Amino acid sequence: MLGAIPTIILFAITFAAYRMIVHGALMRTLAERRARTQGAMEQAQRDIASAEAKTSEYERQLREARAQVYQQQEALRRKWNDQRARLMQESRNEAEGRVKAAREMMTAEVERAKAEIQQSSEALAQQVVRSVLKTQPQPLGAGR
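This section reports on the structure supplied with the text. (Residues numbered from 1 in each chain as written. Predicted model: local features only at pLDDT ≥ 70, side-chain atom pairs only at ≥ 80, totals over all residues. Heavy atoms only, no water.)

## With respect to the overall build of the chain
Helix and strand content of the chain: 1 helix and 0 strands. Taken over the C-alpha trace, the chain has a radius of gyration of 60 Å; the compact-globule value for 144 residues is 15 Å, which it surpasses by more than 25%. Dimensions of the chain, computed from C-alpha atoms along their principal axes, come out at roughly 200 × 35 × 10 Å. When burial is assessed residue by residue, the chain has 1% of its 144 residues classed as buried. Taking the average location of the 24 positive side-chain charges in the chain and that of its 17 negative ones, the two points are 5 Å from each other. (Helix = DSSP H or I, 4+ residues; strand = E, 2+ residues; numbered from the N terminus. Rg over C-alpha atoms; globule rule 2.2 N^0.38 Å. Buried < 20%, exposed > 50% of the residue type's maximum accessible area, 1.4 Å probe, protein only. Lys, Arg positive; Asp, Glu negative; His and termini not counted. Charge placed at Lys NZ, Arg CZ, Asp CG, Glu CD.)

In structure tokens, the structure reads:
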């Protein structure tokens, strides 16, 4: 056992030197590394949260922009429909005016034709009466 005493003392000196020289610096380095790693992880989590917030904001803005585009398209579609309806109404009104004018013209022509027929029928009736009165009846046996 006496032979082991110098080994124990040498071991104790080596252990004390290790603790004073290497162990303190190693623990500081590990603590600093752990702090940096933890800080980096926290920063990464903050960056992820920030990115998620920006993503949700961009998605909201995109939805709003799409809704605005749809509203503009709908307004334009309504404007075109109103314009088409107005043009169709104008066309109908114009066509009705033409039909009315044509009917009035036809009615006037029918009235004029009736008047002409009336005059012609009176003249023909007088001519027939004159023709009948001018011709003398022939005796029944005279022509044989």
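Having seen the model, we can carry on.
## So, the environment of arginine 86
One can find arginine 86 in helix α1 (residues 5–134). A C-alpha to C-alpha distance of 27 Å links arginine 86 and glutamate 104, two positions 18 residues apart in sequence.

## Re the pattern of salt bridges
Counting across every chain of the model gives 8 salt bridges. Here glutamate 64 ties to arginine 60 by a salt bridge, and the two come within 2.3 Å at their closest N and O atoms. Taken as a pair, glutamate 64 and arginine 60 lie in helix α1 at a separation of 4 residues, close to a single helical turn. When its relative accessible area of 44% is taken as the criterion, glutamate 64 is described as partly exposed. One salt bridge in this structure joins glutamate 74 and arginine 78, with 3.9 Å as the shortest N-O distance. You can see glutamate 74 and its partner arginine 78 sitting in helix α1, 4 residues apart, about one turn around the helix. Linked through salt bridges whose partners overlap, the residues forming this network are Glu57, Arg60 and Glu64. (Salt bridge = Lys/Arg side-chain N within 4 Å of Asp/Glu carboxyl O.)

## Describing the environment of glycine 97
Within the secondary structure, glycine 97 sits in helix α1. Distance in space between the C-alpha atoms of glycine 97 and phenylalanine 11 is 123 Å, their sequence separation being 86 residues.

## A few points about α1
The first and last C-alpha atoms of α1 sit 184 Å apart over 130 residues, in line with the 194 Å expected at 1.5 Å per residue. Maximum bend of α1: about 40°, positioned at arginine 19. (Expected span 1.5 Å × (residues − 1). Bend = angle between axes of the 7 residues up to and from the residue.)

## Brief notes about the side chain of histidine 23
Residue position: histidine 23 is located in helix α1. A polar contact of 2.9 Å, which involves the side chain of histidine 23, links it to the side chain of arginine 19. (Polar contact = N/O pair within 3.5 Å; in protein donor to acceptor, adjacent residues only side chain to side chain.)

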